Amino acid sequence: MSAKKIFLLFLPLFLLVSTSGHSQIITTKKEALKKGVYEKPVEKKTTVAADKPAPASVAVADKTKATKNTKTVKNKKNVIVEQEDPELIASVAPTESYISLQLINNAMNFLGVRYRGGGTTTAGMDCSGMVTALFNLFDIKLPRSSHDMALIGEKVDTNDIKKGDLIFFRTNGRRVINHVGVVIEKIGDEIKFIHSSTSKGVVVSSTSEPYYKRTFAQVNRIIQQ
């Protein structure tokens, strides 16, 4: 075997070892799947009750431990849902609700969308615009600004953070909350979240990054799990 072929054979292993243990910004759904921060939940019918304007919280169906073969499709409302597929195996942990995982699935579909102040579509969106667009897919109406979003739902302790919770920051050097994202994973003290950043658009970031660790404000639960 030539030296070139040997190099190409061991290149993926080298890259895996060299990048392990470091938080990296995720910019594609494929990368999110590879890094294990995106999951395909089981198929389960659930009803989300939402008043207009936004309620303080939204009750959802009980958690499930079932395991099914499913695939991701879009329904008539362009919401990503799951259908049975013999080639896929997915499961939902007992501490996670089906609706929260569906929120994450749909949020991942926004990865790569560029930042646009006041934007709420895939042509461009700001941080609160991404969150309102995401929850609108499930007929859950939220306030338009991150500051007002931080006033609804249930403020949760950092030890109780779950997928689908809203995470808030103060990035303007003042006491006013001005940035929001959606929690997609929590590992120890690290919180991974998807948001629309002014510099990179919709990406996955982490509170292990000094900037977000320093500006972290609070986490609110809109969907009761």
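In this text the structure is predicted, and so the values were computed from the model without any measurement.

Definitions and limits used
- Residues numbered from 1 in each chain as written.
- Predicted model: local features only at pLDDT ≥ 70, side-chain atom pairs only at ≥ 80, totals over all residues.
- Heavy atoms only, no water.
- Helix = DSSP H or I, 4+ residues; strand = E, 2+ residues; numbered from the N terminus.
- Buried < 20%, exposed > 50% of the residue type's maximum accessible area, 1.4 Å probe, protein only.
- Contact = heavy atoms within 4.5 Å.
- Areas by Shrake-Rupley, 256 points an atom, 1.4 Å probe, with all protein chains shown as cover.
- Pairing = 2+ DSSP bridges.
- Axes fitted to C-alpha atoms, helices over the stretch in contact; angles between N-to-C directions.
- Phe/Tyr/Trp six-rings, centres within 6.5 Å; stacked < 30°, edge-to-face > 60°.
- Core = buried A, V, L, I, M, F, W, Y, C linked by side-chain atoms within 4.5 Å.
- Salt bridge = Lys/Arg side-chain N within 4 Å of Asp/Glu carboxyl O.

> What am I meant to see in the overall build of the protein here?
When its secondary structure is counted, the protein shows 6 helices and 14 strands. Burial status across the protein gives 43% buried among its 225 residues. Taking all contacts inside the protein whose residues are at least 6 apart in sequence as the whole, residues at least 24 apart take part in 57%. By element, 54% of the accessible surface of the protein is carried by carbon and sulfur atoms, the whole surface being about 12,100 Å².

> I'm lost on unusual backbone geometry in this one. Help?
What is expected of a backbone is that most residues other than glycine have negative phi and most peptide bonds are trans. Phi is positive for D139, close to 60°, though the residue is something other than glycine. In this fold, D139 is placed in the loop between α4 (127–136) and α5 (146–149).

> Before we go on, may I ask you to explain the pairing of strand β10 (residues 179–187) in this structure?
A regular strand places its side chains so that they alternate between the two faces of the sheet. With 7 of 9 residues buried, β10 lies mostly within the body of the structure. Bridge count for strand β9 (residues 166–169) against β10 is 4 bridges, and the pairing is antiparallel. From the neighbouring strand, L166 faces β10, where its bridge partner is V182. Taken together, the 5 bridges between β10 and strand β11 (residues 190–197) define a ladder with antiparallel strand orientation. Considered in β11, the bridge of V182 is made with I194. Linking two consecutive strands that pair antiparallel, namely β10 and β11, is a turn of 2 residues; a positive phi of about 65° is found at G188 within it.

> I would appreciate a short explanation of the sheet that holds strand β12 (residues 201–206) in the present structure.
Strand pairing in a sheet is mediated by backbone hydrogen bonds. Such pairs are either parallel or antiparallel. Read across the open sheet, the 6 strands follow the order β8-β13-β9-β10-β11-β12; overall the sheet is antiparallel. Each end of this open sheet is capped by a strand with a single partner; those strands are β8 (154–156) and β12. Strand after strand, the sheet turns through a mean of 35° between neighbouring axes, direction not considered. Its contacts with the sheet place helix α3 (residues 98–108) against β10, β11 and β12, and it is angled at close to 120° to β10. Lying over the sheet, α4 contacts β9, β10, β11 and β12, oriented at roughly 65° with respect to β10.

> Got a minute to help me understand the packing of aromatic side chains in this structure?
Working definition: an aromatic ring pair is given by the centre-to-centre distance plus the angle between the planes. One pass over the structure, following the stated rule, counts 5 aromatic pairs. When the ring of F169 is compared with that of Y212, the centres are 5.3 Å apart and the planes differ by 65°; the resulting orientation is edge-to-face. Here F169 is found in strand β9, whereas its partner Y212 is found in helix α6 (residues 210–215), with 43 residues between them in sequence. For Y212, a relative accessible area of 10% gives the class buried. An aromatic cluster is defined as three or more aromatic residues linked by ring pairs; in this entry it consists of F169, F193, Y211, Y212 and F216.

> Mind showing me how you'd approach the nonpolar core here?
A general trend in soluble globular proteins is that nonpolar side chains are found buried together. In terms of nonpolar packing, the biggest core is built from 34 residues, with V131, F135, L142, L166 and I194 touching the most fellow members. At the level of secondary structure, the elements contributing two or more residues to this core comprise α3, α4, β9, β10 and β12. Ranked by size, the runner-up nonpolar core spans 9 residues in total, among them I167, I191, Y212 and V219.

> Looking at this structure, how should I read the pattern of salt bridges?
Any two side chains of opposite charge can pair, given that their charged atoms come close. One pass over the structure, following the stated rule, counts 4 salt bridges. The partner of D160 in a salt bridge is R221, with the nearest N and O atoms 3.2 Å apart. With a gap of 61 residues between them, D160 in the loop between β8 and β9 and R221 in strand β13 (residues 216–221) connect regions that are remote in the sequence. For D160, a relative accessible area of 33% puts it in the partly exposed group. According to the relative accessible area criterion, R221 is buried, its value standing at 5%. Notably, a salt bridge pairs D165 with R221, separated by 2.9 Å at the nearest N-O pair. Here D165 is found in the loop between β8 and β9, whereas its partner R221 is found in strand β13, with 56 residues between them in sequence.

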